[in-house]
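Descriptive analysis of the structure
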Amino acid sequence: MKIGLLGFGTVGQGVYELTRDREDIQVVAVCCRRARTIPGVTVTHDFQDIVNDPTIDTVVEAIGGLHPALEYVQAAMHAGKNVVTANKALVACFYDTLLPLSQACGVRLRCTASVGGGIGWLSELERVRRIETVRYVGGIMNGTCNYILDAMTRLGLGYDEALAQAQSLGYAEADPSTDVDGIDTWHKLIVSANVAFGVSLTISDIPAAGIRNIRKEDVDAFRARGLTCKLVSTGKHQGGVFSAYVQPTLFTQEALEAHVPSNYNLIALEGNVSGRQSFFGQGAGRYPTAYNVVQDCVDLMNGGGFYSPYGEKVPIVNQEKLCYYIRGEYTQAAAERWGSAVITPPITVAEAHAWLAAHPDGFLAALPNRR
Ligand code: HSE
């Protein structure tokens, strides 16, 4: 396999290092902005050099973001090249563009590193689907939020202090919005649920609540009741109805989720044969992410393609009823007060997220679901 690598940042360098001594997979060209010398590799600023190189059969996209990643991946597919990417935003937002295009061009796309970094999550979902029907996917998919919530819970830090720590450790970016507003988790949920259920979810129907507004007083109230807050994604397929949402969720100490430390991920599925399976590991970082990019390259060499067939477009119906901890102006009937917050009676997920949309300074977290 001859790879044209787009981007030579954290992930791109990791892919180069992991393949440097392999005979079967070679990075032959790198497209990056900065002039640099990479032994044995052609370095270019011009993406057309990659597209027009007939010796390159696979493009590894490691530049991130939506543009120009989308245009580069489309051009690579039109040129007959397979594509491997770790870019969850790209795959989530342009699922309906990239899946049909890859089919039309007769090329293959893989993106295992886009969800769970080094965890073999999407590749295992592919195997699970061979045997059984998946009815649930979800869990802790964002290391930055888990780090912040863990530091607030275990070390008693305030939000700003915990975020600053996450930034100094390189987990959170200078502008942490994508992580703390739940957008990164939203992207990962969309990709996971599309693969698991073999459909294309209507992404504008999927709400995401983040952790930006959580305060020390919230975490203190949770801790006093033996609860731990985590940012969690949920995707369900029951009786032909699809639900999907991202929200802070409270867990009792019996739950595995309550014990996920630092920047780790814990992602689970439920199938109708194997029951519940959970996957724990590092959801980000150079080597974990590059590991799954190279695994995808090996899978492509072995004839592998996308994890599931491109499926029909489906709407989302979030009518599941949950009790919520809500801090902010809430005028509906409230069951109980926890400090300055209220606990709602069971309300639909859609109602809870509609409240948040109308109260952007508020905070909500779902109470433990009786499983
Ligand atoms: N910002 C992401 C996280 C990185 O914190 O999990 C990997 O997608």
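Conventions and cut-offs
- Going along each chain's sequence as written, the residues are numbered from 1 onward.
- The predicted nature of this model means local features are confined to residues of pLDDT at least 70 and side-chain atom pairs, given and counted, to a pLDDT of 80 or more, with totals for whole chains, interfaces and linings taken over all residues.
- Remark: hydrogens and water are excluded; side-chain values derive from all non-hydrogen atoms of the structure.
- A pair of strands is labelled paired if DSSP reports no fewer than 2 bridges between them.
- Only runs of H or I of at least four residues qualify as helices and only runs of E of at least two qualify as strands under DSSP, and these elements are numbered from the N terminus.
- We define the nonpolar core as a collection of buried residues of types Ala, Val, Leu, Ile, Met, Phe, Trp, Tyr and Cys that are connected through side-chain atoms lying within 4.5 Å of one another.
- A simple rule labels every residue: compare its accessible area, found with a 1.4 Å probe on the protein chains alone, to the largest value its type can have, and call it buried under 20%, exposed over 50%, or partly exposed in between.
- The contact criterion used is simple: two residues touch if any of their non-hydrogen atoms lie within 4.5 Å.
- Both site types are read off a 1 Å grid over the protein atoms alone. A 1.4 Å probe that fits but cannot get out defines a cavity, while an open set with protein on both sides within 12 Å along at least five of seven lines defines a pocket; lining residues have an atom within 4 Å of a point.
- Grid points are joined across faces, edges and corners, and a volume is the space filled by probe spheres set on the points.
- Inter-axis angles, ranging from 0 to 180 degrees, are taken between N-to-C directions of lines fitted to C-alpha atoms, where helices are fitted over the stretch in contact.
- Each angle receives one of four descriptions, namely roughly parallel if under 35 degrees, roughly antiparallel if over 145, roughly perpendicular if within 65 to 115, and oblique otherwise.
- A clockwise turn of the near helix away from the far one marks a right-handed crossing, whereas an anticlockwise turn of less than a right angle marks a left-handed crossing.
- Polarity classes work like this: nonpolar for Ala, Val, Leu, Ile, Met, Phe, Trp, Tyr, Cys and Pro, charged for Asp, Glu, Lys and Arg, and polar for all others, with Gly in that last group.
- The term salt bridge refers to a pairing of a side-chain nitrogen on Lys or Arg with a carboxyl oxygen on Asp or Glu at a separation within 4 Å.
- When the sulfur atoms of two cysteines come within 2.5 Å, that pair is taken as a disulfide.
- Any residue with at least one heavy atom within 4 Å of a molecule or strand is counted as near it.
- Two N or O atoms form a polar contact when they lie within 3.5 Å of each other; inside protein one atom must be a possible hydrogen donor and the other a possible acceptor, and for residues adjacent in sequence the pair counts only when both atoms belong to side chains.
- Note on areas: these come from Shrake-Rupley sampling with a 1.4 Å probe, and a residue is covered only by the protein chains present in the view.
- Note on aromatic contacts: the rings of Phe and Tyr and the six-membered ring of Trp form a pair at centre separations within 6.5 Å, being stacked when their planes are under 30 degrees apart, edge-to-face when over 60 apart, and tilted otherwise.

On to the pairing of strand 12 (residues 275-282). By the bridge criterion, 8 bridges tie strand 11 (residues 264-271) to strand 12 in an arrangement that is antiparallel. Residue pairing in the sheet places tyrosine 264 in a bridge with glutamine 282 of strand 12. Adjacent in sequence and paired antiparallel, strand 11 and strand 12 are bridged by 3 residues.

Judged by nonpolar contacts, the single largest core of 85 residues is most densely connected at Trp121, Ile214, Phe222 and Tyr325. Looking at this core element by element, the count peaks at 8 residues for helix 10 (residues 183-197). Excluding its chain neighbours within four sequence positions, the residues that come into contact with tyrosine 325 are Asp218, Ala221, Phe222, Leu250, Trp338, Ala341, Val342, Ile343, Phe363, Leu364, Ala365 and Leu367. Counting residues in hydrophobic clusters, the runner-up holds 21 residues, among them Ile3, Val30, Ala290 and Val294.

If you add up the space inside the largest pocket, you get close to 1100 Å³. Lining the largest pocket are 38 residues, and of these Val11, Lys88, Glu173, Asp184 and Ala284 lie nearest its centre. For the lining of the largest pocket, the secondary-structure elements that each account for two or more residues are helix 1 (10-19), helix 4 (88-93), helix 7 (143-154), helix 9 (177-180), helix 10 and helix 12 (286-301).

The next point concerns the packing of helix 1 against helix 12. For the pair helix 1 and helix 12, interaxial distance at closest approach is 8 Å and the crossing angle is 60 degrees. Here helix 1 lies oblique to helix 12, going by the angle between them. When the axes of helix 1 and helix 12 are compared, the crossing they make is right-handed. Residue-level contacts link Thr10, Val11, Gln13, Gly14, Val15, Glu17, Leu18 and Thr19 of helix 1 to Arg286, Tyr287, Thr289, Ala290, Tyr291, Val293 and Val294 of helix 12. Residues that form the contact of helix 1 with helix 12 fall into these classes: 8 nonpolar, 5 polar and 2 charged.

For the bond running from histidine 67 to proline 68, omega is 10 degrees, close enough to zero to count as cis. In this fold, proline 68 is placed in the loop between strand 4 (58-61) and helix 3 (69-78). With a phi angle near 50 degrees, serine 262 is a residue other than glycine that sits in the positive phi range. Looking at where serine 262 falls in the secondary structure, it is placed in the loop between strand 10 (241-251) and strand 11.

Enumeration according to the criterion identifies 18 salt bridges in this entry. Across the pair arginine 127 and glutamate 124 runs a salt bridge, and its minimum N-O distance is 3.2 Å. With a gap of 3 residues between them, arginine 127 and glutamate 124 both fall in helix 6 (residues 121-131), about one helical turn apart. Of the residues examined, glutamate 124 reaches a relative accessible area of 23% and is grouped as partly exposed. Salt-bridge contacts for aspartate 181 lead to arginine 212; the nearest nitrogen and oxygen are separated by 2.8 Å.

Applying the stated criterion to the full structure yields 0 disulfides. Just so you know, cysteine 32 is unpaired, no disulfide at all, and the nearest cysteine sulfur is the one on cysteine 31, 7.0 Å from it. Cysteine cysteine 111 shares no disulfide, and the gap to the nearest cysteine sulfur, in cysteine 297, comes to 13 Å.

So, on to the sheet that holds strand 3 (residues 42-44). On the basis of which strands lie adjacent, the open sheet formed by 6 strands has the order 3-2-1-4-5-6 and parallel pairing. In the strand order of this sheet, the two ends are held by strand 3 and strand 6 (109-110), each with one partner. Sheet topology places strand 4 next to strand 5 (residues 82-85); 4 bridges connect them, and they run parallel. Bridge assignment links glutamate 61 to a residue of strand 5, and that residue is threonine 85.

Here we come to the site of the ligand. As a structural note, the neighbourhood of the ligand is formed by Lys88, Asn142, Gly143, Thr144, Asp179, Asp184, Lys188, Gly283 and Ala284. Contact distances for the ligand include 2.9 Å between a nitrogen atom and a side-chain N or O atom of aspartate 179. With respect to the ligand, the side chain of lysine 188 contributes an N or O atom lying 2.9 Å from an oxygen atom. The protein chains hide 83% of the 260 Å² of surface that the ligand would expose on its own. Here the shell around the ligand is built from residues that sort into 1 nonpolar, 4 polar and 4 charged.

Evaluated as defined, the whole model comprises 13 aromatic pairs. Pairing tyrosine 325 with phenylalanine 363 gives two aromatic rings, centres 6.4 Å apart and planes at 70 degrees, and the pair type is edge-to-face. Taken together, the positions of tyrosine 325 in strand 15 (residues 324-327) and phenylalanine 363 in strand 19 (residues 363-366) put the pair 38 residues apart, joining distant regions of the chain. On the basis of relative accessible area, tyrosine 325 is assigned to the buried category, the value being 1%. A residue is classified by how much of its surface remains accessible, and phenylalanine 363, at 2% relative accessible area, is buried. The rings of Tyr95, Phe306, Tyr307 and Tyr310 are connected pair by pair, giving a single aromatic cluster.

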